[in-house]
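# Commentary on secondary and tertiary structure
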Amino acid sequence: MSARQDGEESKVVATRLRRVAQGPRPETVPSVIGTACALIGLLDIAAGVFPRFRHSWVHSVAEILPGAVSPLAAAASIVVGVLLLMLAHGLKRRKRRAWVAAPALLPGGPAAQLIYRHSITGVVLSLALLAVLLRHRGEFAALPDPRTRWKALANFVLLGGASAALGLVIVGSHPGKEVGAPSFTDRCEHVLWGLIGFEGPVDYTGGVDYTVGYSLGALGLLTVVTTVYLAFRPEEPAARLTAEDEGRLRELLERHGGRDSLGHFALRRDKAVVFSPSGKAAVCYRVVSGTMLASGDPVGDVEAWPGAIECFMAEAKAHSWTPAVMGCSETGGQVWTRETGLDALELGDEAIVDVADFTLSGRSMRNVRQMVGRIQRNGYQTRVRRVSELGQEELRQIQRAAADWRGTDTERGFSMALGRIGDPNDGDAVIATAHRADEGDDGAADGPYGDLKAVLHFVPWGRDGMSLELMRRDRSADPGMNELLIVASLQAAPELGVKRVSLNFAMFRSALARGERLGAGPVLRGWCGLLLFLSRWFQIESLYKFNAKFQPRWEPRFVVFRNTRDLPRIGLAAMQAEGFVSLSVPRPRWWRGGSGSAPGGGSCGTGADGWELAAADRGQRGQGAQAPAAAGRPAGAEHAGGSGVPVGAGAPGRASG
């Protein structure tokens, strides 16, 4: 018995030793190497900033070198360390260019440490990492991300700020060699002068001024050189929907568009698309901060979805993007998880009204009925028409009003927003408008848009449905414009051949509904209480209550993701794509060329890469906490009197004012 146990333990030990000898698993190599590269970069920086000469056999070699070698070696160690830190993220993402650059830099750090600090430890670590990089070179094959010259400005701001902060550390790391007692202002001034190659007000003894000067100058030169390189390298803009791609998608929607209420949003022109090998299905996506975001279900024949999904995952792997799907249906989520091994999480529910079952009668519809009646008595009239039925002048007026009532320069929405109004190719879209003539002393209607007070825009959902895309209203109009136009649209739907209408998306609706029921458990009540608390700032409960007014049926929507640790990154990318958070460089209005949708219907979606972190103003447009859910149709944040919904719109993804 004992002999058998000893034999089993020996096998276990042998197996573990073999695993250690084999090294890390191939799939974990990039992450391990990226982390090691960052640590070695920090070691190189520390070696250059904090010199500690000690007696060693290398010291005798260093004594015969020119006097400037040690200061230059310190500067080289710092520069190599900074560059390795910059490459670490690319190595973790398996980028081929990062792998090409890293082996060229790794020998530089050890050489500089050997000359300046006489350190053997850094040499051993760097050479060990170099050996691992060369051995696993096949793991680094990811293609580069789309790039623009705006990243040059980003590099200048971030690297310049980091260089200034590191420069303060360098200037203050020699307290025993300083002449006098320089103030913090003197140190800052010395750093700024040093970064551009001049001497500052701080003096040192023992030749330290050369070391500090070379180090600061190297950081400044690194900032300039990398910025110039990024500014003048050829651009590779992100993929956009071409006219040919749009034509193929419209053909698929014509045959299979009735399956998903979000299908028409695949025609948003700031998205790219991958088709299945058969061409019978497609997945539309946008890349945001290294995350490949698809929205809704794949377009086309369900039997061809696996082929399109496989192409999507292959594209994500080729670029080392993080794959994610926002707002897919239950059927779509099942196909995604089955074909890719990804996981799914319920985000909330989409409100869908069956036109045949809708009525204003009954106690449950009393509030809506009374509000609509009051607004109609105040002189408001509604019109519900196809885009193709509108004249060009009226259409331009609606476009200008929608752009101005938006309230911010950034158009919101991605997964449940089209980003344009009145495109000739979208003639089947429906526009509902509210009108009221405000007579002045001269008998003319007030306002730059005549008697127009509110706009709703619906996109087609197959041949017998429509999906709410945008809600905008004049801030001076009476409360309840949303209810008025939704009711008018539902009442006019039979004449338009529409049998079902998709309204807004309600985040965490099921949690709120279950938490309100009798007998809800403590965990559910606690989660519901947290959502109600967050509803003070974000539109969680209000959107649920507003949608519930119209007695809809609820269809769940899901986010699909690879693993749990990707969720924060996916959430941030979704917030950027939906326009809740803008990381784009601010530009003057004259540069942007105006903020509205052009009559031609060009995409008014915003890109999500840049540098100004600016959460959108909830008072102007505020859509609320649903951002990570992205469910695309942005909503406003002001409450319209007793209507119980934010002015301008209902939910993430319905663009509103």
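Figured I'd write up the structure that's included with this text. Note that residues are indexed from 1 along each chain, following the sequence as it is written. The model is predicted, so local features are restricted to residues of pLDDT at least 70 and side-chain atom pairs to those at 80 or more, both for listing and for counting; the totals for chains, interfaces and linings are taken over all residues. Note: side-chain values were computed over all heavy atoms of the structure, leaving out hydrogens and water.

### So, the overall build of the protein chain
Just so we agree on the cut-off: Under the DSSP-based scheme used, a helix requires at least four consecutive residues in state H or I and a strand at least two consecutive residues in state E, with every element numbered from the N terminus. Burial classification: accessible surface area is computed with a 1.4 Å probe over protein chains only, and a residue below 20% of its type maximum counts as buried, one above 50% as exposed, and the rest as partly exposed. Surface exposure here means Shrake-Rupley accessible area, sampled with a 1.4 Å probe, where a residue is shielded only by the protein chains that are shown.
The helix and strand inventory of the protein chain stands at 21 helices and 15 strands. Per-residue burial over the protein chain gives 51% buried out of 657 residues. Taken as a whole, the protein chain presents about 29800 Å² of accessible surface, with 57% of it coming from carbon and sulfur.

### Considerations on the nonpolar core
What counts is decided by this rule: Definition of nonpolar core: a set of buried residues of the types Ala, Val, Leu, Ile, Met, Phe, Trp, Tyr and Cys, connected through side-chain atoms within 4.5 Å. Contacts are residue-level and defined by heavy atoms, with any inter-residue pair within 4.5 Å sufficient.
In terms of nonpolar packing, the biggest core is built from 40 residues, with V82, L91, L133 and L166 touching the most fellow members. Elements represented by at least two residues in this core include exactly α2 (29–49), α4 (69–92), α5 (96–105), α7 (120–135), α8 (150–171), α9 (184–195) and α10 (208–232). Non-local contacts of V82, meaning those with residues more than four positions away in its chain, are made with I45, L159, L166, L219 and L222.

### Focus on the packing of aromatic side chains
We apply this condition: Pairing of aromatic side chains here covers Phe, Tyr and the six-membered ring of Trp, requires ring centres within 6.5 Å, and sorts the geometry by plane angle: under 30 degrees stacked, over 60 edge-to-face, intermediate tilted.
All told, the structure shown has six aromatic pairs when counted by the stated rule. When the centroid spacing of 5.2 Å and the interplanar angle of 85 degrees are considered together, the rings of F312 and W336 count as edge-to-face. On the criterion of sequence distance, the pair formed by F312 in helix α12 (residues 305–319) and W336 in helix α13 (residues 330–340) is long-range, its members being 24 residues apart. W336 gets classed as buried once you look at its relative accessible area, which sits at 1%. Between W405 and Y449, the aromatic rings sit 5.7 Å apart at their centres with planes inclined by 85 degrees, giving edge-to-face as the arrangement. Of this pair, W405 sits in helix α15 (residues 392–405) while Y449 is found in the loop between β8 (430–435) and β9 (452–460), placing the two residues 44 residues apart along the sequence. In this structure W405 comes out as buried when scored by relative accessible area, which is 9%. Connected via pairs of aromatic rings, a cluster forms that spans Y285, F312 and W336.

### What about the packing of α12 against α13?
Going by this rule: Only the contacting stretch of a helix is used when fitting its axis, a line to C-alpha atoms as for every element, and angles between N-to-C directions run 0 to 180 degrees. Any angle between 65 and 115 degrees counts as roughly perpendicular, while under 35 counts as roughly parallel, over 145 as roughly antiparallel, and the rest as oblique. With the far helix as reference, a near helix turned anticlockwise by less than a right angle produces a left-handed crossing, and one turned clockwise produces a right-handed crossing. Side-chain classes follow a simple rule in which Ala, Val, Leu, Ile, Met, Phe, Trp, Tyr, Cys and Pro form the nonpolar group, Asp, Glu, Lys and Arg form the charged group, and the remainder, Gly included, forms the polar group.
Between α12 and α13, the shortest axis-to-axis distance is 10 Å and the interhelical angle comes to 60 degrees. By the angle between their directions, the pair α12 and α13 is classed as oblique. In this structure, the crossing between α12 and α13 has a hand that is right-handed. Contacts between α12 and α13 involve W305, P306, I309, F312 and M313 from the first element and T331, G332, V335, W336, E339 and T340 from the second. Its residues placed into classes, the contact of α12 with α13 shows seven nonpolar, three polar and one charged.

### Brief notes about the pairing of strand β10 (residues 465–473)
Filter applied, for reference: In this scheme, strands are said to pair when DSSP sees at least two bridges between them.
The buried fraction of β10 is high, at nine of nine residues. Relative to β10, β9 runs antiparallel, the two sharing seven bridges. Across the sheet, F458 pairs through a bridge with L468, a residue of β10. Here β9 folds back onto β10, and the loop between the two strands holds four residues, one of which, G462, carries a positive phi near 65 degrees.

### Here we look at the pattern of salt bridges
Inclusion rule: What counts as a salt bridge is simple: a side-chain nitrogen of Lys or Arg found within 4 Å of a carboxyl oxygen of Asp or Glu.
All chains considered together, the criterion is met by 21 salt bridges. Notably, a salt bridge pairs E483 with K549, separated by 2.9 Å at the nearest N-O pair. Of this pair, E483 sits in helix α16 (residues 481–496) while K549 sits in the loop between α19 (541–548) and β12 (553–561), and the two are 66 residues apart along the sequence. On the basis of relative accessible area, E483 is assigned to the buried category, the value being 1%. One salt bridge connects E555 with R553, and the closest N-O pair in it is separated by 2.9 Å.

### Considering the pairing of β8
Counted residue by residue, β8 has six buried out of six residues, so it is predominantly covered. Of the two faces of β8, the one lined by V430, A432 and A434 and the one lined by I431, T433 and H435 are each fully buried. As paired strands, strand β7 (residues 381–386) and β8 are joined by six bridges and run antiparallel to one another. Note that in β8 the partner of R383 across the bridge is T433. Both β8 and β9 contribute to a ladder of six bridges, which runs antiparallel. Its bridge partner lying in β9, V430 is registered against F458.

### Considerations on α13
We count it as follows: The arc refers to the directions leading from the helix axis to the C-beta atoms.
Residues of α13 that are buried include every one of G332, G333, V335 and W336, and no others. Looking down the long axis of α13, one finds its buried residues gathered within 165 degrees of arc, a one-sided arrangement. Residues of α13 that are buried sit in contact with β2 (281–288), α12, β5 (322–328) and β12. Among the residues trailing α13, G341 stands out with phi positive, at a value near 75 degrees.

### What about α9?
Definition in use: The length a helix should cover is 1.5 Å for every residue beyond the first.
Spanning 12 residues, α9 covers 17 Å between terminal C-alpha atoms, matching the ideal 16 Å at 1.5 Å per step. Along α9, the residues that are buried comprise R187, H190, V191, G194 and L195. Seen end-on, α9 carries its buried residues on one side only, within an arc spanning 125 degrees. Seen from the buried face of α9, the exposed residues on the opposite side, beyond 90 degrees, are T185 and L192.

### What about empty space enclosed by the protein?
Short version of the rule: The distinction between a cavity and a pocket rests on a 1 Å grid over the protein atoms alone: a 1.4 Å probe fits inside a cavity but cannot get out, while a pocket stays open yet meets protein on both sides within 12 Å along at least five of seven lines, and a residue with an atom within 4 Å of a point counts as lining. Grid points are joined across faces, edges and corners, and a volume is the space filled by probe spheres set on the points.
Within the structure shown, the criterion is met by three cavities of 30 Å³ or more. Volume-wise, the second largest cavity comes out at about 60 Å³. L253, H256, G257, R259, D260, G263, D297, P298, V299, G300 and W305 together form the lining of the second largest cavity. If you list the elements that add at least two residues to the lining of the second largest cavity, you get α11 (243–256) and β4 (299–300). Classifying every residue of the lining of the second largest cavity by side-chain character gives four nonpolar, four polar and three charged.

Keep in mind these numbers describe shape, not what the thing actually does.
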